[in-house]
Structure formats: structure tokens, C-alpha cells
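Residue-level structure breakdown
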Amino acid sequence: MSIIVTEKTKVLVQGITGEFGARHTKLSLDYGTQIVAGVTPGKGGQFFEHGTHRVPIFNTVRDAVAATGATASAVFVPPPFAADAILECADAGLDLCVAITEGIPIKDMIRAKRAMLGSKTRLIGPNCPGIVTPGTGKDSAGGCRIGIAPGYIHKKGHVGVVSRSGTLTYEAVFQLTSKGLGQSTSVGIGGDPVNGTSHLDVIKMFNDDPDTWGIILIGEIGGNAEVEAARWVKANCKKPVAGFIAGATAPAGRRMGHAGAVVGGAEDTAAAKIAVFKECGIECAITPSDMADALIRAAKAKGAKLA
Amino acid sequence: MNIHEYQAKALFEKYGVAVPKGVAARTAAEFEPALAQLPDAPVVVKSQIHAGGRGKGTFTDGFKGGVKFAKTKADALAYAKAMFNNTLITAQTGPAGRKVQTVYFTQASDITKEYYLAILLDRVTSRPVIVASTEGGVEIEKVAHETPDKIFKIIVDPAVGLQGYQTRELAFRLGLTGDYFKNAVKLIGSLYTMFWETDAAMVEVNPLITTPTGSVLALDAKVSFDDNALFRHPEIVALRDLNEEDPKEIEAAKFSLSYIALDGNIACLVNGAGLAMSTMDIIKHYGGSPANFLDVGGGASKDQVQAAFKIILTDPNVKGIMVNIFGGIMDCNTIATGVVAATRELGLKIPLVVRLEGNNVAAGKKTLAESGLTIHSADTMADAAQKIVKLVA
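Residues numbered from 1 in each chain as written. Chains lettered and ligands numbered in written order. Predicted model: local features only at pLDDT ≥ 70, side-chain atom pairs only at ≥ 80, totals over all residues. Heavy atoms only, no water.

Turning to the overall build of chain B, a few remarks are in order. A tally of helices and strands in chain B yields 13 helices and 19 strands. When its C-alpha atoms are laid out on the principal axes, chain B stretches across 80 × 50 × 40 Å. The burial tally for chain B puts 54% of its 393 residues in the buried class. For chain B, the accessible surface area stands at approximately 16,300 Å², while carbon and sulfur atoms represent 52% of it. Positive and negative side-chain charges in chain B, numbering 40 and 42 respectively, have mean positions lying 2 Å apart. (Helix = DSSP H or I, 4+ residues; strand = E, 2+ residues; numbered from the N terminus. Buried < 20%, exposed > 50% of the residue type's maximum accessible area, 1.4 Å probe, protein only. Areas by Shrake-Rupley, 256 points an atom, 1.4 Å probe, with all protein chains shown as cover. Lys, Arg positive; Asp, Glu negative; His and termini not counted. Charge placed at Lys NZ, Arg CZ, Asp CG, Glu CD.)

Right, let's talk about the overall build of chain A for a bit. Counting secondary structure elements, chain A contains ten helices and 14 strands. Computed over C-alpha atoms, the radius of gyration of chain A comes to 19 Å, within 12% of the 19 Å expected from 2.2 N^0.38 for 307 residues, which places it in the range of a compact globule. Taking the principal axes of its C-alpha atoms as reference, chain A extends roughly 55 × 45 × 30 Å. Relative to its full complement of 307 residues, chain A shows a buried share of 60%. Within chain A, contacts between residues separated by at least 24 positions form 72% of all contacts whose residues are at least 6 apart in sequence. (Rg over C-alpha atoms; globule rule 2.2 N^0.38 Å. Contact = heavy atoms within 4.5 Å.)

All names here are of chain A. Spatially, the seven strands line up as an open sheet ordered E3-E4-E2-E1-E5-E6-E7, and their pairing is mixed. With one partner strand each, in any of the chains shown, strand E3 (47–50) and strand E7 (122–124) form the two edges of the open sheet. The mean angle between the axes of side-by-side strands here comes to 25 degrees, regardless of whether they run parallel or antiparallel. Here strand E1 (residues 10–14) pairs with strand E5 (residues 72–75) via four bridges, running parallel. In the sheet register, Val11 faces E5, and the bridge partner there is Ala72. Packing against the sheet, helix H1 (residues 19–31) makes contact with E1, strand E2 (34–39), E3 and strand E4 (53–58), and its axis sits at approximately 60 degrees to E3. (Pairing = 2+ DSSP bridges. Axes fitted to C-alpha atoms, helices over the stretch in contact; angles between N-to-C directions.)

Our next topic: helix H9 (residues 273–285) of chain B. Residues and elements named next belong to chain B. For H9, spanning 13 residues, the distance from its first C-alpha to its last is 18 Å, which sits close to the expected 18 Å at 1.5 Å a residue. Here H9 lies mainly inside the structure; ten of its 13 residues are buried. Those residues of H9 that sit buried are Gly274, Leu275, Ala276, Met277, Ser278, Thr279, Met280, Asp281, Ile282 and Ile283. In the segment just after H9, Gly287 is the residue with positive phi, at about 95 degrees. (Expected span 1.5 Å × (residues − 1).)

For the rest of this paragraph, the subject is the sheet that holds strand E2 (residues 43–47) of chain B. Residues and elements named next belong to chain B. Pairing is antiparallel across the open sheet formed by four strands, whose spatial order is E1-E7-E2-E4. Pairing within the sheet leaves two strands with one partner each, and these edge strands are strand E1 (22–25) and strand E4 (67–70). In this sheet, adjacent strand axes meet at a mean angle of 20 degrees when their direction is disregarded. Inspection of the sheet shows E2 paired to E4 by four bridges, in the antiparallel sense. Bridging from a neighbouring strand, Val45 pairs with Lys68 of E4. Against the sheet, helix H1 (residues 5–15) touches E1, E2 and strand E7 (103–107), its axis set at about 45 degrees to E7.

Take the interface of chain B and chain A next. Tallying the contact residues gives 57 residues for chain B and 56 residues for chain A. The largest contributions to the chain B side of the interface with chain A come from B:Arg123, B:Phe326 and B:Ile329, which together make up 16% of the buried area. Taken together, the links from chain B to chain A amount to four salt bridges. For the salt bridge of A:Glu171 with B:Arg355, the shortest nitrogen-to-oxygen distance reads 2.9 Å. At the surface where chain B touches chain A, the tally comes to 14 residue pairs in polar contact (both at pLDDT 80 or more). Here the side of chain B that touches chain A gets nine residues from one element, more than from any other, and that element is H9(B). Tallied by class, residues from the side of chain B that touches chain A come to 28 nonpolar, 13 polar and 16 charged. (Buried area = accessible area lost by both parts, 1.4 Å probe. Salt bridge = Lys/Arg side-chain N within 4 Å of Asp/Glu carboxyl O. Polar contact = N/O pair within 3.5 Å; in protein donor to acceptor, adjacent residues only side chain to side chain. Nonpolar A, V, L, I, M, F, W, Y, C, P; charged D, E, K, R; others polar.)

This part takes up the pattern of salt bridges. A full pass over the atoms with the stated rule returns 31 salt bridges over all chains. Via salt bridges that share partners, B:Glu5, B:Lys9, B:Lys46, B:Arg54 and B:Asp220 belong to a single interconnected network.

This brings us to unusual backbone geometry. Residue B:Pro42 is reached from B:Ala41 by a cis peptide bond, and omega for that bond is 5 degrees. Mapped onto the elements, B:Pro42 comes out in the loop between helix H2 (31–36) and E2. B:Asn206 connects to B:Pro207 through a cis peptide bond whose omega is 10 degrees. Mapped onto the elements of the fold, B:Pro207 is located in strand E11 (residues 200–210). Of note, the phi angle at A:Asn127 is positive, near 55 degrees, even though the residue is not glycine. Positionally, A:Asn127 belongs in the loop between E7 and strand E8 (130–133). Residue A:Asn127 is classed as partly exposed on the basis of its relative accessible area, which comes to 22%. Here B:Ser256, not a glycine, exhibits a phi torsion of approximately 55 degrees, which is positive. Relative to the helices and strands, B:Ser256 resides in the loop between helix H8 (247–254) and strand E14 (258–261).

On to the packing of aromatic side chains, then. Aromatic ring pairs are reported here in terms of the distance separating the ring centres and the angle at which the planes meet. Per the stated rule, a full pass over the model turns up eleven aromatic pairs over all chains. Look at A:Tyr170 and B:Phe326: their rings are 6.3 Å apart centre to centre, the planes differ by 55 degrees, and that puts the pair in the tilted class. In this pair, A:Tyr170 is assigned in helix H5 (residues 166–178) and B:Phe326 in strand E17 (residues 320–327), connecting two distinct chains. In this structure, A:Tyr170 and B:Phe326 share a single accessibility class: buried. Aromatic pair B:Phe31 and B:Phe105: ring centres 5.9 Å apart, planes at 85 degrees, arrangement edge-to-face. Of this pair, B:Phe31 sits in helix H2 while B:Phe105 sits in strand E7, and the two are 74 residues apart along the sequence. Across the pair, exposure class does not vary: B:Phe31 and B:Phe105 are buried alike. (Phe/Tyr/Trp six-rings, centres within 6.5 Å; stacked < 30°, edge-to-face > 60°.)

What follows is about the confidence of the model for chain A. With 95% of its residues at a pLDDT of 70 or more, chain A has an overall mean of 93. Segment residues 255–264 of chain A: pLDDT under 50, and 32 contacts once partners within four positions in sequence are set aside and those in other chains are kept. (pLDDT = per-residue confidence, 0-100.)

We now examine helix H12 (residues 361–369) of chain B. All names here are of chain B. Every buried residue of H12 is accounted for by Val361, Gly364 and Leu368. Angularly, the buried residues of H12 cover 60 degrees about the axis, an arc narrow enough to put them on a single face. Every exposed residue of H12 that faces more than 90 degrees away from the buried side is listed here: Ala362, Lys366 and Ala369. Contacts made by the buried residues of H12 are with helix H11 (332–346) and strand E18 (352–358). (Arc of directions from axis to C-beta.)

Bringing the pairing of strand E16 (residues 292–295) of chain B into the picture now. Residues and elements named next belong to chain B. Alternating positions in E16 separate into two faces, Asn292 and Leu294 on one and Phe293 and Asp295 on the other, with burial throughout. Here four bridges tie E14 to E16, and the two strands are oriented antiparallel to one another. Within E16, the position partnered with Ile260 by the bridge is Phe293.

See the structure below:
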């Protein structure tokens, strides 16, 4: 098992004909992901071709869903139009919208998130690497890859990874795979201040997934999402959890001014977050090179298996 | 993107947020005409730099105070001359300080009481929040820490915008009545409109004041904008002051590199913001000190790597470089080729440690090894950090 997506998930790509969207659609197809449709307004009726694959393109998400039964979307639409694309997913009743686009105005996301209140569509991102549920083939092929993460570094297994940062997620996944520890699902929730799915949402799903035996939680400075997740872990999660917070040396004042500190409270520095992790029984990686080892320590302390 | 106080106040006026009358001068020749536009003294003379703590700041020539109260216009002129083209050091500028290139004269206000008012994003609810306090003119963090009951917050529903009952509630909580109440309600509403329409990231008024004549005025103004939304606000982009930005950061932006200068001696070049931050952390963990944050992004090219090296090397403090690339999709050999080319072209004299991992890593390592250059290769982030710290020590 896995969370959010399986190898059977039918995926459509919004912005499939753009350079970035096309490149990663090809990589997902090579990985074995069920990319069943593309959406580019005005190019409906055309096909996206790659090797033996011939993916139909539609003018609207609604048309793509009606014709192919897609339940998830990858958004590669440029920033000025990305919030519109996200809302189109929600309106078409998709289960999942993974917004890869970086640089969406914050106001657009404030409005989109408000408009999606009560919608059945789960939003992951924006500004995220996406989600990977590894498959059983060579280099984990045969799985579901939505977004821009390198598929081949994964291995099917039982560790859940959740992170705001793309390359740090890859780093953690690579460390795990190098040590023979596979992943159930790895989720990049994105680095923007307004995003859809939080650390806590993903942690809850990993906790409920019988096939996820251990969790790596990667965070960074700013906001209190990691703290919220850590407190929930302390109260509810019996699985081994390792954590890492990036940004201990980041210069103060380069993010938000005075009022930010008021709203964010004193909990948004790296030191404060690490202190909360420790207090909540999360094994902290001392350096980013230590993420997989930290999870192995956490599992050992709980007498839990990871593979 | 940040703007100056005088620019922020011009925007305030445009949106109907009351401010004391003020005129900015960008050359010494403009001082007297600017002062002539103001009513009789007293006048406040304010250095315009993108950093707080101006009032308590000191200029490099010893002149004290980046904000001065002048009893006469002659005094105001003298203060302006002392500040102009002088470098102001405040708690927020760092030891190098900032050169004052604009002076702002404002009519001095009689103050009945000082308040605090700000609008920004509340990350917990993903909605705008208005923060106000009866304790203005002081550091708001201090108020939040010592007397959190004196801070009031209103969360705005973006579907309907700020509602009348919300601004009234805020004004009542601040203890305002009569004209003060009416004027505060209007000011808060106008400030919110400005925040929302201009895609501001934060608007801060500290202090907001009441005057003996019933006015409510924004005595100071600090405004920053969401960089992601600048494409739809050419009028805001026009307010950008490149003098306030690090030239290295401006150069980096031209190559789509995200660079932030720090004060250490080990430069780093990394792909991805999270990995770049943790690379700084791991350098520090092993006893070194990072000279910068540099994210080359997900699809770095050879040109970008060369540009990044050039920018890094303009920092005279840099004694070594650590390259940390996790090439997920990006080809490690492309990075390796860029590193070799940059090292050759720039005749690099300082130690360089390169950690490559990911796509086509074997070819990348081979390119480095066969270059004939002294490039130290590392297998993990920890290995790379330990090596560069040792080489620089």
C-alpha cells in the first residue's frame, strides 16, 4: 500500500505542451505512471506523443476527466494562470491536484485555498516536487510519479517521507534506498507559505497506512506547520519518526519583518522547532547526511522494523 | 520587494490612509524647496534606508540619529546635510551600514498616544491577518512576549474581504472613541484595501498615532510586496531602489540564481533552497562558517554555474568553495563540466570541494577527476563539509 496515489492512479497533466510539463510527462511515462490525458486550452484533439505512448490532449479538465476517468492532475501551468488551473481541477471534481508551479502570487493562493474549502480535491503544493509511490520494477519503475522528482532513486518499501523541499526529499530518499530501505510514498508539500496539504495531513495518512512503518519529517524555518505535526505525533503516532529542520544558519530578518514574529510566535526558528521535535520523541537528524540513520535509530529505540 | 518610507506613505495617501504631510529630497539642491512646501516648523528629518532602527542609529562619521526632530527649518536643513550621502548603521543594517541617498522631511505631529498596526499573511489560516496593539512605537516582539493580551488580531476571509464589524471591533479593542474611532475605522479599511490591491506581503505602521485634534495618522510606514506578484504591478516595480540591494544579489538574479550574502568564509553552490539551507547548516555543524546562500535552481546550466562562481568570488571573505548538487533530473556531468570550465576560466586559487550525487554521477566525477585541476571530490554532504572546513582552516 501507499498513501494518496497508487500505481493504478490515472493522471492528467495541465500544461502538458509546455517545455517543463512535456519533459516531466515523458519521465513519468517512462517510469510507468498512468498518464491518461493532457490539458492545454486550444489544443484539444491533438496528441502528446512519446515512444509508443499517445496521450490525448483536451481543452478542459472536465473533458479530460469525462473521456479518460483521470482522478489526479499535475499542474505545470505558468504562475499567472496556475491558480486558475488549480481551481479547474477542483471544479472538475478530481481527487488530487499536484501543483508543481513555482512563483504563484500569494494572493492567488489565498483565494484558491478559500475557494477549495469543502471541495473533495486534495491540493498538494504549489511550488513542490510532487509525489512518488515507487513501483516494483527496475529503479522502482511501475510506480506513480506525479511531478518532477527523480523516480529512479526510489525503492518500494515501508518508509514515508514528507518534506517542503524538493532536493532535501531526494537526499532523504536516496539515503534510505542506499541503505536498502524502500519507501511507501514520498510527498513534497512545497515551499510556499500558502499550500494545500500540510505536514500534519501527510503524517496522519502515513500513520493510518499499515504499509508505512516509519516516517521521515523534513521541515525548514518559518511558520509552525512542523511544530503542529510534531505535537500530533507525540499524542497519536506509535511509528518511529525522524526529523530534520533546515535553516539553522539562515540569516534572521530575511524572511518577514516584526509582525511576522508576532503571528508566527517564537516557534518558527530552526532551534525552536528542533527543541519541539525532541520534546515530542522525534529523533532529530544532526545533519542532513544523517536523515536515514536518524530513522534507523528511532526504529531501534522502538523495536520497530523498517523493511 | 521593499520600498522606502516616503514611497510607502505616497501609496498610503493614494488609498486614503492619513499620514503627516511630508516631502522627499533626493539631492542636496532639493532640501530647501522641499522644506518650503511644509508648513511652519517643527519638522522631522528622516533618513530613507530599507532598514529599521533608524532613530537609534549612528552614522559612520559619528553623527547620531537617522531620524531627527528639528525645531526650526534651519535646523532641519543642517540635519539633512549631515545625513545625506552619509552611512547609517542601525541594529538591522549590519556593521557596513547603508548610505542615505534620500532624506524625507515631514511635519512634526503632536502625539496623544501611540499604537501599532500591521497587515500580513497568517500562515496558520492562509488568510490575511490585521494585527493591532495599544503599545505602539516600541518593538512589537517585545510586546508579544511580555504582554500578549495587548495584541489584537483580525483574520480576513478573502471571499468577502474585510467587514465593517471587524474594523469596528479592532478600533473598540484599541479603546478608541469619538473622532478617533471614526478615523481609525476609515484608516484600517483603507490600509487593508491597499494591502490587498497592491499584493503587499506586509504593511506595518509603527507607530500609528492619535493627535490632540482627533486625527489618526500613520507616523511611520514599512511596506513590502510579494515578489511573485510584481509581474502585474509595474507601478510597484518602478519604486525599486537598487541602491538598497546587494550588487551580488542583483547580478545573481540576472542568471536566475538565488543568492544571499552572509558573513562567513566558505562559499556554497547548491541546487534547491532546502538543500542550500542545509548545506549552510552542515558547514556550521563541522565548525565552518558559510559565506552565502546560493540556489542554482532545479535545472542549472553550465552558464549558470560559471556565473555563480564569478559572483561567489567577488566576495573577498571567501576562502573556499563547497559545491553540493543532488542531480535528480539534472545531469551531474553538466554541472561537472560547468565547474571545470569556471575553475579554469577564473584561475581558481582557493580550495574547491565538489559533492555530486544523482543522475549520471559517474560521468560527472570522471570529468572532475580528468580535468587535471585540484578539485576535491566528496561522496556525501557530511564528507564534503568536513573536507572544506579542514581545507579552509
